[in-house]
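Listed below, chain by chain, are the residues.
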Amino acid sequence: MLKRSGTALLAAAVALAVPASAFARKSPLEGQPDVRHKYELRTLRFEVAPTFEATVQADYKHTVSGGLKLEYHISDSLSFGGLIFFGTGIDTQLTEAVTNSLGNTADMNDPTPTRDQFTQHLNTMPLHGGAGVTFTPWFGKIALFSKLYLAFDVYLSGGFGFASLKNEFGKDNCEPVQDGTRTDANGVQQPVFDDPRNDCPWNSGFQPGVQVAAGMHIFMSKWVALDLSFRDYFFKDNPSGQDFNADRQVDSSDPRFLGHLFVGVGISLFLPPKVKISP
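This one's a predicted model, so the numbers in the text were calculated from it and none came from an experiment.

For the largest pocket, the calculated volume is near 340 Å³. In this structure, the largest pocket is lined by 16 residues; those nearest its centre are Y39, L41, G140, K141 and A151. By residue number, the principal contributor to the lining of the largest pocket is strand β6 (residues 148-167), which donates 4 residues. When its residues are assigned to classes, the lining of the largest pocket shows 9 nonpolar, 2 polar and 5 charged. Considered as a void within the structure, the second largest pocket measures approximately 290 Å³ in volume. Looking at the second largest pocket, it is lined by 18 residues, and the ones nearest its centre are A58, D59, K61, P239 and H260. Sorting elements by how many residues they give to the lining of the second largest pocket places strand β11 (residues 256-271) first, with 4 residues.

Let us look at the side chain of T134. Mapped onto the elements of the fold, T134 is located in strand β5 (residues 123-144). At 3.2 Å, the side chain of T134 and the side chain of E71 are in polar contact. In terms of polar contacts, T134 uses its side chain to reach the side chain of S157, at 3.2 Å. In this view, T134 contacts E71, S77, L78, S79, Y155, L156 and S157; residues no more than four positions away in its chain are not counted.

Throughout the structure, instances matching the rule amount to 8 aromatic pairs. Ring plane angle 50° and centroid distance 4.7 Å describe the contact between F46 and Y72, whose orientation is recorded as tilted. Of this pair, F46 sits in strand β2 (residues 45-55) while Y72 is found in strand β3 (residues 61-73), placing the two residues 26 residues apart along the sequence. Looking at Y72, the relative accessible area reads 23%, which means it is partly exposed. With centroids separated by 5.4 Å and ring planes inclined at 85°, the aromatic side chains of Y233 and F262 adopt a geometry described as edge-to-face. Note that Y233 is positioned in strand β10 (residues 224-237) and F262 in strand β11, a separation of 29 residues in sequence. The exposure classification of Y233 matches that of F262, with both residues buried. Within the aromatic cluster, the residues linked to one another by ring pairs are F46, Y72 and F80.

In terms of nonpolar packing, the biggest core is built from 8 residues, these being L83, F85, M125, A163, L165, Y233, F235 and F262. Residue assignment for this core shows that the elements contributing at least two residues are β4 (78-91), β6 and β10. Setting aside its immediate chain neighbours within four residues, L165 contacts N123, T124, M125, P126, N203, S204, G205, Q207, F235, K236 and D237. Judged by nonpolar contacts, the second largest core, of 6 residues, contains L41, A225, F270 and V275.

Glancing now at the environment of K236. Along the polypeptide, K236 turns up in strand β10. Considering only alpha carbons, one finds K236 and R256, 20 residues apart in sequence, at a separation of 5.0 Å. Ignoring any residue separated from it by four or fewer positions in sequence, one finds K236 in contact with L165, Q207, S252, P255, R256 and F257.

Turning to the pairing of β2, a few remarks are in order. Looking down a regular strand, the side chains alternate between one sheet face and the other. Taken together, the 10 bridges between β2 and β3 define a ladder with antiparallel strand orientation. Within β3, the residue paired with A49 across the bridge is K69. Taking the residues that link successive antiparallel strands as the turn, the β2-β3 hairpin has 5 residues, and the phi of Q57 there is positive, at about 60°. Of the pairings in the sheet, the one linking β2 to β11 comprises 8 bridges and is antiparallel in character. Residue T55 lies in a different strand from β11, and its bridge partner there is F262.

If you walk through the whole model with that rule in mind, you get 2 cavities of 30 Å³ or more. A volume near 40 Å³ is recorded for the largest cavity. Contributing to the lining of the largest cavity are T51, E53, K69, L83, F85, Y155, D227, S229 and R231. Listing elements by their share of the lining of the largest cavity, those giving two or more residues are β2, β4 and β10. No other element matches the 3 residues that β10 contributes to the lining of the largest cavity. Here the lining of the largest cavity is built from residues that sort into 3 nonpolar, 2 polar and 4 charged. Space inside the second largest cavity adds up to approximately 40 Å³. Lining the second largest cavity are K69, E71, G81, G82, L83, A131, G132, V133, S157, Q211 and R231. Contributions of two or more residues to the lining of the second largest cavity are made by β3, β4 and β5. Grouping the amino acids of the lining of the second largest cavity by side-chain chemistry returns 3 nonpolar, 5 polar and 3 charged.

Cut-off values and rules
Residues numbered from 1 in each chain as written. Predicted model: local features only at pLDDT ≥ 70, side-chain atom pairs only at ≥ 80, totals over all residues. Heavy atoms only, no water. 1 Å grid on protein atoms, 1.4 Å probe; cavity = no way out; pocket = protein on both sides within 12 Å on 5 of 7 lines; lining within 4 Å. Points joined across faces, edges and corners; volume = space filled by probe spheres on them. Helix = DSSP H or I, 4+ residues; strand = E, 2+ residues; numbered from the N terminus. Nonpolar A, V, L, I, M, F, W, Y, C, P; charged D, E, K, R; others polar. Polar contact = N/O pair within 3.5 Å; in protein donor to acceptor, adjacent residues only side chain to side chain. Contact = heavy atoms within 4.5 Å. Phe/Tyr/Trp six-rings, centres within 6.5 Å; stacked < 30°, edge-to-face > 60°. Buried < 20%, exposed > 50% of the residue type's maximum accessible area, 1.4 Å probe, protein only. Core = buried A, V, L, I, M, F, W, Y, C linked by side-chain atoms within 4.5 Å. Pairing = 2+ DSSP bridges.

Take a look at the structure:
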């Protein structure tokens, strides 16, 4: 018992005599970067991406487009740039069903449009695009079948968006068309606007707005990547070109601020091709 007590007292004395700094071990990783010899796949590089975009769940006209996305990456996580697309319109199943149900002649007692009136009021999107900033907060590597390892990143983007819209109505005057006159209680002739089928659809021309996107790059090499994205363009539109608010005329009150969702697939070329490696 005395022997054990003496040993404990000796250990305590040694511990008090030796400075605490002698027991402190400094980690060799202290103050070092998180990742050494990291490939800087985005920093100070231009991204040139020929891209295909198509609408998702469009009402009357699918837009199928091709274009170009340009970005300059200030750092590994921040870039700015723009994009522009040229497209064509394709009828949706809804448009085909409605068109097939309509006749070729108008009935003054029935507000249903004719086949031509319906199709001429629909609009397409021959041009759209935008400009903004992109934030890339996540990146890493993925493994395919434990054989192939590919770098990837996930990005969020947003900024100014626009679209140029076009219809087949063929009239530049977008004022409601007078469909006749009516005598009021005072015997005065008043214009009547009660057939919106004759009115301009108010859904063509340049429309400014905003655009937001989420996407990812999958790098096939140090300078070529597959670019996958969902991008939504918001601007004022009246896709059907018809009397949306049911006031018996088509005018500037019928277009609404709508989203137009696109899915995109592109090939990104990061320039210069030679990638920098961190210390």
